[in-house]
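Listed below are the residues making up each chain.
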Amino acid sequence: MSLTAGIVGLPNVGKSTLFNAITNNNVLAENYPFATITPNTGVVEVRDPRFDELVEIFNPAKQVRATFEFTDIAGLVKGASKGEGLGNQFLGNIRNTDAIIHVVRCFDDPSIISYSGRKVDPVMDATEVNLELILSDLDVLEKRLEKLGRKAQMTKDKQELLEVSAINKIIDALKHEQMASDVALTIAEKEVARNFNLITMKPVIYVGNVDEDSYAEPLKNPYFKALSDFATSHHAECIPISALIEEELSKVTEEERKEYLDSLGTSLTGLDKITMASYHILGLRTFFTCGQDEVRAWTFHDGMTTPECAGIIHSDFQKYFLKAEVYKYDDIHELRSEAAIKAAGKMMLVGKDYLVQDGDCLYIRSAAVKK
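Because the structure is predicted, anything quoted here is derived from the model rather than measured. (Residues numbered from 1 in each chain as written. Predicted model: local features only at pLDDT ≥ 70, side-chain atom pairs only at ≥ 80, totals over all residues. Heavy atoms only, no water.)

**Notes on helix α5 (residues 158–175)**
Counted only if it meets this: Counting from the N terminus, the helices are DSSP H or I runs at least four residues long and the strands are E runs at least two residues long. To estimate how far a helix should reach, multiply one less than its number of residues by 1.5 Å. Note on classification: 1.4 Å probe, protein chains only; a residue is buried when its accessible area is under 20% of the maximum for its type, exposed when over 50%, partly exposed between these limits. By definition in these notes, contact holds between two residues if any of their heavy atoms fall within 4.5 Å. Here a polar contact is taken to be a pair of N or O atoms separated by no more than 3.5 Å, where protein atoms must pair a possible hydrogen donor with a possible acceptor and residues adjacent in sequence count only if both atoms sit in side chains.
Spanning 18 residues, α5 covers 26 Å between terminal C-alpha atoms, matching the ideal 26 Å at 1.5 Å per step. For α5, every residue scored as buried is listed here: Glu160, Glu163, Val164, Ala166, Ile167, Ile170, Ile171, Ala173 and Leu174. In the core, the buried residues of α5 are packed alongside α4 (122–155) and α6 (187–193). Its side-chain oxygen 3.1 Å from the backbone nitrogen of Gln159, Asp157 forms the N-cap of α5. Backbone geometry just downstream of α5 places Glu177 in the positive-phi region, at approximately 60 degrees.

**Focus on the pairing of strand β4 (residues 67–72)**
Basically, it comes down to this: Strand pairing is assigned whenever DSSP detects at least two bridges linking the two strands.
Two strands pair when backbone bridges link them, and strand β1 (residues 4–8) and β4 are joined in this way by four bridges, in the parallel orientation. Bridge pairing links Gly6 to Thr71 in β4. Relative to β4, strand β2 (residues 40–45) runs antiparallel, the two sharing six bridges. Note on β4: the bridge partner recorded for Gly42 is Phe70.

**A few points about the sheet that holds β1**
Selection rule: Geometry is summarised by axes, namely lines fitted to C-alpha atoms with helices restricted to the contacting stretch, and by angles between N-to-C directions that run from 0 to 180 degrees.
Taken in spatial order, the six strands of this open sheet run β2-β4-β1-β5-β6-β7, and their pairing is mixed. Only two strands of the sheet have a single neighbouring strand rather than two, namely β2 and β7 (237–241). Direction aside, neighbouring strands of the sheet carry axes that sit 25 degrees apart on average. In the sheet, strand β5 (residues 99–106) pairs with strand β6 (residues 204–210) via seven bridges, with the strands oriented parallel. Across the sheet, the residue bridging to Cys106 is Val210, located in β6. Along the sheet, α4 makes contact with β5 and β6, crossing β5 at roughly 145 degrees.

**A few points about the packing of aromatic side chains**
The condition that has to hold: Pairing of aromatic side chains requires ring centres within 6.5 Å, counting the rings of Phe and Tyr and the six-membered ring of Trp. Pairs whose planes differ by under 30 degrees are stacked, by over 60 edge-to-face, and all others tilted.
If you walk through the whole model with that rule in mind, you get five aromatic pairs. Measuring from centroid to centroid gives 5.9 Å for Phe68 and Tyr279, while their planes differ by 50 degrees, and the two rings are tilted. Pair noted here: Phe68 is in strand β4 and Tyr279 is in helix α10 (residues 270–281), with a separation of 211 residues, a long-range link. Under the relative-accessibility criterion, Tyr279 is labelled buried at 7%. Both rings, one in Phe287 and one in Phe300, keep their centres 5.7 Å apart while their planes meet at 55 degrees; by these two values the pair is tilted.

**Observations concerning the pattern of salt bridges**
Our working rule: Put simply, a salt bridge is a Lys or Arg side-chain nitrogen that is within 4 Å of an Asp or Glu carboxyl oxygen.
Evaluation of the coordinates by the stated rule reveals 25 salt bridges. When the shortest N-O distance is used, the salt bridge between Arg50 and Asp48 registers 2.9 Å. Using a relative accessible area of 18% as the deciding quantity, one classes Arg50 as buried. By relative accessible area, Asp48 is classed as buried at 11%. If you follow the salt bridges from partner to partner, you end up with Arg47, Glu254, Arg257 and Asp272 in one network.

**Some remarks on the environment of Met124**
Following the sequence through the fold, Met124 ends up in helix α4. On the basis of relative accessible area, Met124 is assigned to the partly exposed category, the value being 42%. Met124 sits 20 residues away from Val104 along the chain, and the two C-alpha atoms are 9.9 Å apart.

**As for unusual backbone geometry**
Its identity is not glycine, yet His235 carries a phi of approximately 55 degrees, on the positive side. Within the secondary structure, His235 sits in the loop between α7 (222–233) and β7. A relative accessible area of 69% means that His235 is categorised as exposed.

**Some remarks on the packing of α4 against α5**
Inclusion rule: By convention the crossing between two helices is left-handed if the near helix lies anticlockwise of the far one by an angle smaller than a right angle, and right-handed if it lies clockwise. We call Asp, Glu, Lys and Arg charged. Ala, Val, Leu, Ile, Met, Phe, Trp, Tyr, Cys and Pro are nonpolar, and the rest, Gly among them, are polar.
Contact pair α4 / α5: the axes reach a minimum separation of 9 Å and the direction vectors enclose 150 degrees. Of the two possible hands of crossing, α4 and α5 adopt the one that is left-handed. Considered class by class, the residues forming the contact of α4 with α5 number 12 nonpolar, four polar and seven charged.

**Quick word on the pairing of strand β9 (residues 294–301)**
Counting buried positions along β9 gives six out of eight residues, so the element sits mostly inside the fold. Judged from the three bridges that link them, strand β3 (residues 62–64) and β9 form a sheet pairing that is parallel. For Val64, the partnering residue across the bridge sits in β9 and is Arg296. Pairing analysis gives six bridges linking strand β8 (residues 284–289) to β9, with the strands arranged antiparallel. Within the sheet, the bridge partner assigned to Thr286 lies in β9 and is Thr299. Between the end of β8 and the start of β9, which pair antiparallel, lie four residues.

The structure is reproduced here in structure tokens:
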């Protein structure tokens, strides 16, 4: 299941430094606008403590973590919606992502050039980026309405009239500088609105790039506090990171990373938190397949059935699905073996209607692999 989040923000806010940390790649991260001219894409492993414990229990020959794709996109400038800077390319790249990681500067540093020349103002920076996204979506919808509106009124086609209704509601909100995701649509209107591929309809995580001194207690940083309040008012998550610290952590050993995180009272880096938050806002969950040959984590959407999850492993497993043996991660955590789980009566045999839960461990029975 290929899913991607686009890392966006104004120039020189730490996007490429953060991307370097995410992928441990040395992409261009210079101190001037448009250092990132083409989107850089990297795949990162999802760090899940449950996966680590399953590996410890089964001691498999092979282990495969779930992955998530991040794309670093060129810095946005005022007027991007009109094609300024790398506007059209930038906005087109955002439309191809599932979620937006919006990086905002929350630190003072006179050596870092601000393309606008103004002082650090995270709320104004975030608002400026959002406004360009809003204007871009407004242009898309107005052009769509121009082509569809008159035709829908003439033909009275129910589906086209439904689309017009959704477009008008969203346009009205965008003109009031509201995001499309905040618009109250009917269930049917939401369904047609998915086809619009609007940037402001995508879920957003605000990431406040703080200095090293603020890393442990970010809410004491007035810049981050202002951004956090702004995110809350927009029903969005806000995560503090220090891009420089994250980049350094990506270069050290696992033991050194753990020691540093322990000193902060956490087991997760800021990048881990971003990935987990991305999973959350996209409604993603994880199931596992376990054994001595392999322990693997698989990503699925909340609400998927066992055959659908079997199809993630292999399309034939869904096509020829019979049953699935399922047990909970909490049970293997407590009992330490599949034999003990079976003895305790906690191994379930489920059919096609079972909704897979986060942390389920599955063994698929399929006619495609039936012996």
